[in-house]
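Residue-level structural notes
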Amino acid sequence: MQDYIKINGKDNVAVALKDLKKGSVLETGESRIVLKEDIAQGHKIALADIPEGGSVIKYGAPIGHAVRNIAQGEWVHTHNVKTNLGGVLTYTYEPDVTELKPVTAVTFLGYRRADGSVGIRNEIWIITTVGCVNSIAGAMERTFAYKCQGTSAEGIFAFPHPYGCSQMGEDQENTRRILADLIHHPNAGGVLVLGLGCENSNIGILKDYIGDYDERRVKFLNCQDVEDEMEAAGELIDELIQYAGSFQREEISASELVIGMKCGGSDGLSGITANPVVGAFSDKLIAQGGTTILTEVPEMFGAETFLMARCRNKELFGKTVDMINDFKNYFTSHNQTIYENPSPGNKKGGITTLEDKSLGCTQKSGSAPVSDVLKYGERVKTKGLVLLSAPGNDLVASTALAAAGAHMVLFTTGRGTPFASPVPTMKIATNTPLADRKQNWIDFNCGTMTDGVSLEELSDALLAQVLAVASGRQVRAEKAGYHDMAIFKQGVTL
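Residues numbered from 1 in each chain as written. Predicted model: local features only at pLDDT ≥ 70, side-chain atom pairs only at ≥ 80, totals over all residues. Heavy atoms only, no water.

Moving on: the packing of aromatic side chains. Enumeration according to the criterion identifies 12 aromatic pairs in this entry. Judged by centre distance (5.1 Å) and plane angle (70°), the rings of Trp125 and Phe159 are edge-to-face. Of the two residues, Trp125 sits in strand 12 (residues 123-128) while Phe159 sits in strand 13 (residues 156-159), which places them 34 residues apart along the sequence. Here Tyr330 and Phe331 contribute two aromatic rings whose centre-to-centre distance is 6.1 Å and whose plane-to-plane angle is 70°, an arrangement assigned as edge-to-face. (Phe/Tyr/Trp six-rings, centres within 6.5 Å; stacked < 30°, edge-to-face > 60°. Helix = DSSP H or I, 4+ residues; strand = E, 2+ residues; numbered from the N terminus.)

Put into structure tokens, the structure is as follows:
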């Protein structure tokens, strides 16, 4: 295992791949560097003297500036580096678009729906219109789970949330759009929409957002309208299971897959191991005609120009500019600084500034051109690499990916997390100690890159595992019974 990595030839810092002791010597080929202090795994080492005010370069781009002179061999982190980020910027379209060479798509075993869409699960979903019926939905999930036995329906899952009433404006619109998106998601073979009856986003209102739907696949129940909601729900769930049971897995082209990409609990290896592997996977899937979605807009700040340059045309460039600046305005409208994003865990793992985090985060996008830009609550309509407006919060962003149409979410992490989303959420470790310690959370280990396993090998292995999950293999969170959702809260609660 090598001691450190210099990611880009332009960099003036390297990243420790293991804990390094003060006095250790790094032979770079250009110089002999003696460490002036202990450097933890994932943290940065100055490869040369960096003067006060000078740029700290990682990934070939500035991640901030030195707030004092930093000597060669010193630890480079929050105590001596500050962000360069500021407010809303003006951008120029300078395209640098490289098309991927198409390849023949491999296949997986999925469910072809009546409307032609494809699912990778055949579940019964209970979607609540309002938080008041959350407990009832949970009781229905537990009470009726046995009904799926002996059928191709793969379980009953409730998705509680605290919204649907006492909301105003765009905040209420977010709830309605996300609920409607989830009702249409092809991973659900059947959907019970469970309402109370008096809420703002009641079933009658929500139907306007749902639009056309298959009456065999989607059923509605207002709890206030029946004497016994459990009895009424049991009858409707019987009908949904019977309908879902008519579907069986069949061979489907991987070009039909839509995969969401997210990171959280990141560390200094996120942009070196797991995120580049997901980026290479993304390119492989897109070359086969598939689709990947990149989100968490605040974690694009500082790396946004790289994505803007990859936009296929000026219209998409304009949408990307709006997505970035709208999110900055959202921060400032709530009197929050734009650049205060890395969490305590991120910083402990070696991430110093938001630019540092963003340049590592966007490695998940690979090299494919940007083919579309979606607003929060919009659904995928274009193949290729898609950008989606959503915050960095893990549950909110992963739910947004599912609502946009992602069949599963690839979630890279350096510190670990057990959460799930409405769709299978595969946890990908950036480092081997995490993968070894939290085997009940982690599905795939990219930490072996530091031991010499190549990016090509790992991305091929990840593609194979994605196809296996798409064909029915459960991820750890599914095995544990976890299914979570969270809606983006933006406005006033009455």
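This is not the end of the story, as more comes after the structure.
Pairing between the strands of a sheet comes from backbone hydrogen bonds, and it takes one of two forms, parallel or antiparallel. A sheet is described by the order of its strands in space; here 3 strands give the open sequence 11-10-16, paired in antiparallel fashion. Both outer strands of the open sheet, strand 11 (118-119) and strand 16 (250-253), are each paired with one neighbouring strand and no more. Relative to strand 16, strand 10 (residues 107-112) runs antiparallel, the two sharing 4 bridges. Bridging across to strand 16, Gly110 finds its partner in Glu250. (Pairing = 2+ DSSP bridges.)

Located in the positive-phi region is Ser166, a residue other than glycine, with phi close to 60°. Locating Ser166 in the fold gives a position in the loop between strand 13 and helix 2 (169-183). Given a relative accessible area of 26%, Ser166 falls into the partly exposed group. For Glu296, which is not a glycine, the phi torsion comes out positive at approximately 60°. (Buried < 20%, exposed > 50% of the residue type's maximum accessible area, 1.4 Å probe, protein only.)

On to the packing of helix 2 against helix 3 (residues 203-210), then. Look at helix 2 against helix 3: their axes get within 9 Å of each other, and the N-to-C directions meet at 65°. By the angle class used here, helix 2 and helix 3 are roughly perpendicular. In terms of crossing hand, the pair formed by helix 2 and helix 3 is right-handed. On helix 3, the residues touching Glu173, Arg176, Leu179, Ala180 and Ile183 of helix 2 are Ile205, Leu206, Tyr209 and Ile210. Residue composition of the contact of helix 2 with helix 3, by class: 7 nonpolar, no polar and 2 charged. (Axes fitted to C-alpha atoms, helices over the stretch in contact; angles between N-to-C directions. Parallel < 35°, antiparallel > 145°, perpendicular 65-115°, else oblique. Left-handed = near helix turned anticlockwise from the far one by under 90°. Contact = heavy atoms within 4.5 Å. Nonpolar A, V, L, I, M, F, W, Y, C, P; charged D, E, K, R; others polar.)

So, about the pattern of salt bridges. By the definition in use, this model includes 23 salt bridges. For Lys357, the salt bridge goes to Glu299, with nearest N and O atoms at 3.2 Å. You can see Lys357 sitting in helix 9 (residues 354-361) and its partner Glu299 sitting in the loop between strand 18 (291-294) and helix 6 (304-309), a full 58 residues away along the chain. We note that Lys357, like Glu299, is buried. (Salt bridge = Lys/Arg side-chain N within 4 Å of Asp/Glu carboxyl O.)

Approximately 640 Å³ is the volume found for the largest pocket. Lining the largest pocket are 30 residues, and of these Ser117, Val118, His184, Pro186 and Arg379 lie nearest its centre. The set of elements that each furnish at least two residues to the lining of the largest pocket consists of helix 2 and helix 10 (394-404). Among the residues making up the lining of the largest pocket, the classes are represented as 12 nonpolar, 8 polar and 10 charged. (1 Å grid on protein atoms, 1.4 Å probe; cavity = no way out; pocket = protein on both sides within 12 Å on 5 of 7 lines; lining within 4 Å. Points joined across faces, edges and corners; volume = space filled by probe spheres on them.)

Moving on: helix 3. Looking only at helix 3, the buried set comprises Ile203, Leu206 and Ile210. Around the axis of helix 3, the buried residues are gathered within 60° of arc, so they sit on the same side. Summarising the contacts, the buried residues of helix 3 are in contact with helix 2, strand 14 (188-195) and strand 15 (218-222). The N-cap residue of helix 3 is Asn202: its side-chain oxygen and the backbone nitrogen of Gly204 are 3.0 Å apart. (Arc of directions from axis to C-beta. Polar contact = N/O pair within 3.5 Å; in protein donor to acceptor, adjacent residues only side chain to side chain.)

Another aspect to go through is the nonpolar core. Leu257, Met408, Leu410, Met426, Ile428, Leu462 and Val466 are the most contacted members of the largest nonpolar core, which totals 91 residues. Setting aside residues no more than four positions away along its own chain, Leu257 makes contact with Phe108, Ile120, Leu285, Gly290, Thr291, His407, Val466, Leu467 and Ala470. Membership of the second largest hydrophobic core comes to 23 residues, among which are Ala153, Leu236, Ile237 and Ala244. (Core = buried A, V, L, I, M, F, W, Y, C linked by side-chain atoms within 4.5 Å.)

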